[in-house]
Amino acid sequence: MSETTIEQQEFDSQAAESASDDAGHKGFSFEDMRLAVGDRLQVECPAARGVSRSVVRVVGYVENLSLIVTTPQARGRRIELVDNDPVIVRVFSRQSAFAFRTSVMRVCRLPFDYVHLSFPTLIQGSVIRKATRVRTRLAAEVGPDADDPAMHPGTLLNLSATGVLLHTRTSVGDKGGTVRLRFRFKLHDVDAELTVAADIRNVEREDDPDGGAADYHYGLDFRNLQPNDRLMIRSFVYQTIIEQPRHVL
């Protein structure tokens, strides 16, 4: 895994670990972000540049004129931005995540590589709980064992860093039991798949009045997540909070 990718995942993981008491989405001022020299930002570059996201650091800013950041890089090479390229910037502070649109004013290479971005005027932000849930429609399979050919299909209706709400048409266990859960998602445009253990915290069954298959809703808590699995789930939650704030529950 490249250094850039590790830093990107660390950025996402720290953002997903925010610990406020509620979640909201509203406008903020530049001062609310409390940016300091050296702070990390995530920038989303134009598709034409061949790389979607990169982590940069704040060099400084001139109020109402320019935000100055290090030049975005990917795989150790500079991303060749040009003047007027549109850029989306995402920022994480201790309890909030922010996002704003800006554009490249000037790319500079002396005395080092850095970029002048236009000063942001409209900043959106989300105050995030540690276990914020996001609405999803992720395909899943669930059963007593990950290698059991009888694993049953289901759908993850919501997801947090600590658990999921699973919908199935088949009973897969009782409250207090443990299941194996396999699900797929897209993280920064890359397909990912995880298989994890989960404890059944609650079960709701809704019978079909016409005699069809019943609907089951399982509240599941992840059990003993591996560090990389935890990092990927938190990154996905954070990605959803920032990119689809209406999906926050």
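Everything numeric in this text was worked out from a predicted model, so none of it was measured.

Residues Leu181, Phe183, Phe185, Leu220 and Phe222 are the most contacted members of the largest nonpolar core, which totals 30 residues. Those elements that place two or more of their residues in this core are strand E11 (134-143), strand E12 (152-159), strand E13 (163-168), strand E14 (178-187), strand E15 (190-206), strand E16 (215-223) and helix H3 (227-243). The residues touching Phe185, leaving out its near neighbours within four places in the chain, are Leu138, Val190, Asp191, Ala192, Leu194, Met232 and Phe236. Of all hydrophobic cores here, the second largest spans 24 residues; its members include Met33, Val58, Val87 and Val89.

Negative charge collects at one region of the surface, where Glu204, Glu206, Asp208 and Asp210 lie side by side. Turning to its location among the elements, Asp208 is positioned in the loop between E15 and E16.

So, on to the sheet that holds E13. If you trace the 6 strands once around the closed barrel, you get E11-E12-E13-E16-E15-E14, paired in antiparallel fashion. Direction aside, the axes of adjacent strands within the sheet are offset by 40° on average. In the sheet, E12 pairs with E13 via 5 bridges, with the strands oriented antiparallel. Looking at the pairing, Leu159 lines up with Val164 of E13. Docked against the sheet, H3 engages E11, E12, E14, E15 and E16, running at close to 50° with respect to E14.

The full count for this structure, using the stated rule, is 15 salt bridges. Across the pair Arg109 and Glu80 runs a salt bridge, and its minimum N-O distance is 2.8 Å. In this pair, Arg109 is assigned in the loop between strand E8 (96-108) and strand E9 (114-118) and Glu80 in the loop between strand E6 (77-78) and strand E7 (86-92), connecting sequence segments 29 residues apart. Residue classification places Glu80 among the partly exposed positions, given a relative accessible area of 40%. The shortest N-O distance in the salt bridge between Arg205 and Asp207 comes to 2.6 Å. Sharing partners across several salt bridges, the network here consists of Arg78, Glu80, Arg109 and Asp113.

A cis amide bond links Leu110 to the next residue, Pro111, at an omega of 0°. Despite not being glycine, Arg34 shows a phi value in the positive range, around 55°. Within the secondary structure, Arg34 is located in the loop between helix H2 (30-33) and strand E2 (40-44). By relative accessible area, Arg34 is classed as exposed at 73%. Positioned with a positive phi, Asn64 is a non-glycine residue whose angle comes to about 65°. Within the secondary structure, Asn64 is located in the loop between strand E3 (53-62) and strand E4 (66-70). Residue classification places Asn64 among the exposed positions, given a relative accessible area of 63%.

With 84% of its residues at a pLDDT of at least 70, the protein chain reaches an overall mean of 83. A low-confidence stretch, residues 1-7 stays under pLDDT 50, and its non-local contacts, those more than four residues away or across chains, total 7 contacts. Across residues 13-25, confidence stays below pLDDT 50; counting only partners more than four residues off in sequence or on other chains, it has 44 contacts.

Further remarks concern H3. For H3, which comprises 17 residues, the first-to-last C-alpha distance of 24 Å matches the rise-based estimate of 24 Å (1.5 Å per residue) to within 8%. Across the 17 residues that make up H3, a large majority, 13, are buried.

The next point concerns the packing of aromatic side chains. Tallied over the entire structure, the rule returns 8 aromatic pairs. The interplanar angle of 45° and the centroid separation of 6.3 Å between the aromatic rings of Tyr61 and Phe119 together place this pair among those described as tilted. Of this pair, Tyr61 sits in strand E3 while Phe119 sits in the loop between E9 and strand E10 (123-127), placing them 58 residues apart in sequence. For Tyr61, a relative accessible area of 41% puts it in the partly exposed group. Overall, Phe119 belongs to the buried group, its relative accessible area being 13%.

Thresholds, definitions, all that
Here, residues in each chain are numbered from 1, in the same order as that chain's written sequence. For a predicted model such as this one, the threshold for reporting local features is a pLDDT of at least 70, and the threshold for listing and counting side-chain atom pairs is 80 or more; totals across whole chains, interfaces and linings nevertheless cover every residue. Note that water and hydrogens are dropped before the side-chain values are worked out from all heavy atoms of the structure. To form a nonpolar core, buried Ala, Val, Leu, Ile, Met, Phe, Trp, Tyr and Cys residues must be joined to one another through side-chain atoms within 4.5 Å. Exposed residues in this analysis have more than 50% of their type's maximum accessible area, buried residues have under 20%, and partly exposed residues fall in between, with area computed by a 1.4 Å probe over protein chains only. Comment: elements are numbered from the N terminus, with helices defined as DSSP H or I runs of at least four residues and strands as E runs of at least two. Residue contacts are defined here by distance: any two heavy atoms, one from each residue, within 4.5 Å place the two residues in contact. Surface patches are defined over residues having more than 30% relative accessible area and no salt bridge, joining like charges when they lie within 9 Å and nonpolar side chains (Val, Leu, Ile, Met, Phe, Trp, Tyr) when within 5 Å. All accessible areas in this document rest on Shrake-Rupley with a 1.4 Å probe, and a residue is counted as covered only by the protein chains that are shown. By convention in these notes, a salt bridge is any Lys or Arg side-chain nitrogen within 4 Å of a carboxyl oxygen on Asp or Glu. As used throughout, the charge tally considers Lys and Arg to be positive and Asp and Glu to be negative, leaving His and the chain termini uncounted. Throughout, a charge is located at the NZ atom of Lys, the CZ atom of Arg, the CG atom of Asp or the CD atom of Glu. In this description, strands pair whenever DSSP reports at least two bridges between them. Note on method: axes are straight lines fitted to C-alpha atoms, helices fitted across the in-contact stretch only, with angles between N-to-C directions ranging 0 to 180 degrees. The pLDDT score gives, residue by residue, the confidence of the prediction method on a 0 to 100 scale. What a helix should span is 1.5 Å times the count of its residues minus one. The rule is short: rings of Phe, Tyr and Trp, with Trp giving its six-membered ring, pair when the centres are within 6.5 Å, and they are stacked under 30 degrees, edge-to-face over 60, tilted in between.

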